[in-house]
Amino acid sequence: MIVKPTEFARRRKKLMQHMGRNSIAILPSANEQVRSRDVNFPFRQDSDFFYLTGFDEPEAVLVLLPGRKQGQCILFNREKDPIAEIWHGHRLGQEAATETLGMDDAFPIGDIDDILPGLMEGRESIYFALGNNPEFDRRVVGWRNTIRDQVSRGASPPGEMIDLRHALHDMRLIKSRAEIKAMKVAAQVSAEAHVAAMQRCAPGLTELDIEAELLYRFARGDCRHPAYPAIVAAGANACILHYIENRGPLNDGDLLLIDAGAEYQGYAADISRTFPVNGRFTEPQKALYEWVLKAQLAAIKAVKPGNHWEQPHEAAVRVLTEGLVELGILKGEVEQLIESGAYRRFYMHKTGHWIGLDVHDVGDYRIHGEPRVLEPGMVLTIEPGYYIPAGSKGVAKKWWDIGIRIEDDILVTPDGHEVLTGGVPKQVDDIEAMMAAR
Ligand code: GLY
Ligand code: MN
Ligand code: MN
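Conventions adopted
Residues numbered from 1 in each chain as written. Chains lettered and ligands numbered in written order. Predicted model: local features only at pLDDT ≥ 70, side-chain atom pairs only at ≥ 80, totals over all residues. Heavy atoms only, no water. Donors = N, O, S within 2.8 Å, 3.2 Å for Na, K, Ca; no water. Tetrahedral: all angles 85-135°; square planar, octahedral: opposite > 155°, others 65-115°. Helix = DSSP H or I, 4+ residues; strand = E, 2+ residues; numbered from the N terminus. Buried < 20%, exposed > 50% of the residue type's maximum accessible area, 1.4 Å probe, protein only. Phe/Tyr/Trp six-rings, centres within 6.5 Å; stacked < 30°, edge-to-face > 60°.

A separate point is the coordination of the manganese ion (ligand 3). Ideal values for angles at a metal depend on the geometry: 109.5 degrees with four tetrahedral donors, 90 or 180 degrees with six octahedral donors. Donor atoms from the polypeptide that bind the manganese ion (ligand 3) are Asp259 (OD), Asp259 (OD), Asp270 (OD) and Glu407 (OE), placed at 2.0 to 2.4 Å. What the 6 donor atoms of the manganese ion (ligand 3) show is an angle range of 58 to 170° at the metal, which sorts the shape as irregular. The sequence pattern describing where the donors of the manganese ion (ligand 3) fall on their chain is D-x10-D-x136-E. A separation of 3.3 Å is found between the manganese ion (ligand 3) and the manganese ion (ligand 2), which are bridged by Asp270. Of this pair, Asp270 sits in the loop between β12 (267–268) and β13 (271–276) while Glu407 is found in the loop between β18 (402–405) and β19 (408–413), placing the two residues 137 residues apart along the sequence. Comparing Asp270 with Glu407, the two get one shared label, buried.

A separate point is the coordination of the manganese ion (ligand 2). Distances from the manganese ion (ligand 2) to its protein donors, Asp270 (OD), His353 (NE2), Glu383 (OE) and Glu407 (OE), fall at 2.0 to 2.2 Å. In this structure, the manganese ion (ligand 2) is surrounded by 6 donor atoms whose angles at the metal cover 51 to 156°, and the resulting shape is irregular. Ordering the donors of the manganese ion (ligand 2) by residue number gives the pattern D-x82-H-x29-E-x23-E.

Here Glu59, not a glycine, exhibits a phi torsion of approximately 55°, which is positive. As for its placement among the helices and strands, Glu59 is situated in the loop between α2 (47–53) and β4 (61–64). Residue Glu59 is classed as partly exposed on the basis of its relative accessible area, which comes to 43%. Its identity is not glycine, yet Asn246 carries a phi of approximately 55°, on the positive side. Among the secondary structure elements, Asn246 is positioned in the loop between β9 (231–234) and β10 (255–260). When its relative accessible area of 0% is taken as the criterion, Asn246 is described as buried.

Enumeration over the complete set of coordinates arrives at 9 aromatic pairs. Taken together, a centroid distance of 5.7 Å and an interplanar angle of 80° make the contact between Phe136 and Trp143 edge-to-face. Trp143 shares its class with Phe136; the two are buried. Residues Trp354 and Tyr365 carry aromatic rings whose centres are separated by 5.1 Å and whose planes lie at 0° to one another, so their mutual orientation is stacked. One end of the pair, Trp354, is in the loop between α12 (334–340) and β14 (366–367); the other, Tyr365, is in the loop between α12 and β14, and 11 residues separate them in sequence. The partly exposed category is assigned to Tyr365, whose relative accessible area is 26%. Put simply, the rings of Phe128, Phe136 and Trp143 touch in pairs and so form one group of aromatic residues.

Set out below in C-alpha cells:
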C-alpha cells in the first residue's frame, strides 16, 4: 500500500486534535450489499472509514477517544473464524488489528453493545456522520440512551451530536504526498486504458467491446475495479450524460465519448475523451471539438492557488458560449447568453468536481457562501462539453447527435497545477495520428 499505517495514524491524531478532549467519534465501515440471491456486490469500504484506518473489511466500527489514557483508537471488527474464513476469505481479527492498523485496542464487533456505552459515558459530544445510514443512526442513539437510562445512578450521557464530516472532509480535500502518488497510478493506468480503447476502436464493434478493453487494461494495471461505471457512448448516446448501457454499435462517421477511470488503492481517476469511431473527425465534429478543447485548456489554466473554485467553470462557460455563437448555434451577445444561462441548453453540468477516494470527492465547494479558494494538494476534474441532441430547435442538422466531453484530473500545485491524466492525446491531430497508426 502506498499510504502507510503511520499516515493513517497521523490522520486519526489530527482529527482528534480538532475534536477536543471530551468527545468521542464513531465511524462505521461500509456494509456488504446484496446483488442477487447469495451474491454480494464486490465490497467497497466506506471512504471516511478507510481514510482513517486503511482497513478493508465490513462489519467494523472505529471509535476515537481523544485524551483517553487507556487508548484513544479503538476498533470493533469481526473475530477470526476458521470456518467463515474457509468460505469467504481472510479476516484480520483483533490481535492483528492492533499491530497492523496501529489501533490501541480491538474488540469483537459482537461485543460493541456491551462496550461502547461505557466508552461514551462522560464524554460531552459525539462526532458522527448522522444521516448516512439510518440503521447505524438508531444504534448510536440506542447506545446513548443506554447511558441515559443510568443517569439516576450517576451516569452522564453525551449531550451534543456534532457532524464529523466537516473536519474530516476538510482533511480529505487536501491530498498528502502518498495520496497524490496513488492518484497518479490511477491516472496513469486509466490513461493507458483510454489509449488502448482508442487504438481498439473501429466501425462494426460495439460499445461493450470498448468497455471490455478498458476494464481489461485497468485490471492489468492492478486496478481491480473502475472508480465508477464506464460511460462508452457512441453517436447520439453521447448526449445522455450518464449513459452506462454500453451496448450500442460503433458506427462509421460517429463520435465515441468515453468517460472512464480506474480505482487504485481506493483512489479514483476520471477521464473523458471523445474521438471519431473511424479515426477521422468530420468538419462539424471537429469544429465543435476544437471549441470544447479550447474551453478545457482555458479552464485548466485557471486552476492555481489563489483562484477560486468557480473560476475554471467561468472560463469554460465563456469559451463554450463564444463557440456556440461563432458556429451559429446560439444567436446573440456572448455576455448576455452567459448571463441568461442560454448556453445551458448545450452545456448543462459544472466544469468539475473534487476527486480522491470518491470520484465525486468530499469537501465544501463554498465557504460562508463564497466559492472556495484553491490550495495546493486539492485535486479536481476539468470536464467541459457540448451536447446537441437530434431535434434541437433552431440548430442546423449537421450539429445534431453530437456529444463531446474532454476531462482531465488536475492537481493544484504551489505554482499552478499539474495535469495527472495527460497520457491520453486530446489534440485533433494527435488523436487522428494515433488512430491512423492502429
Ligand atoms: N464520471 C463522472 C464524472 O465525470 O463526473
Ligand atoms: Mn468527472
Ligand atoms: Mn468523468
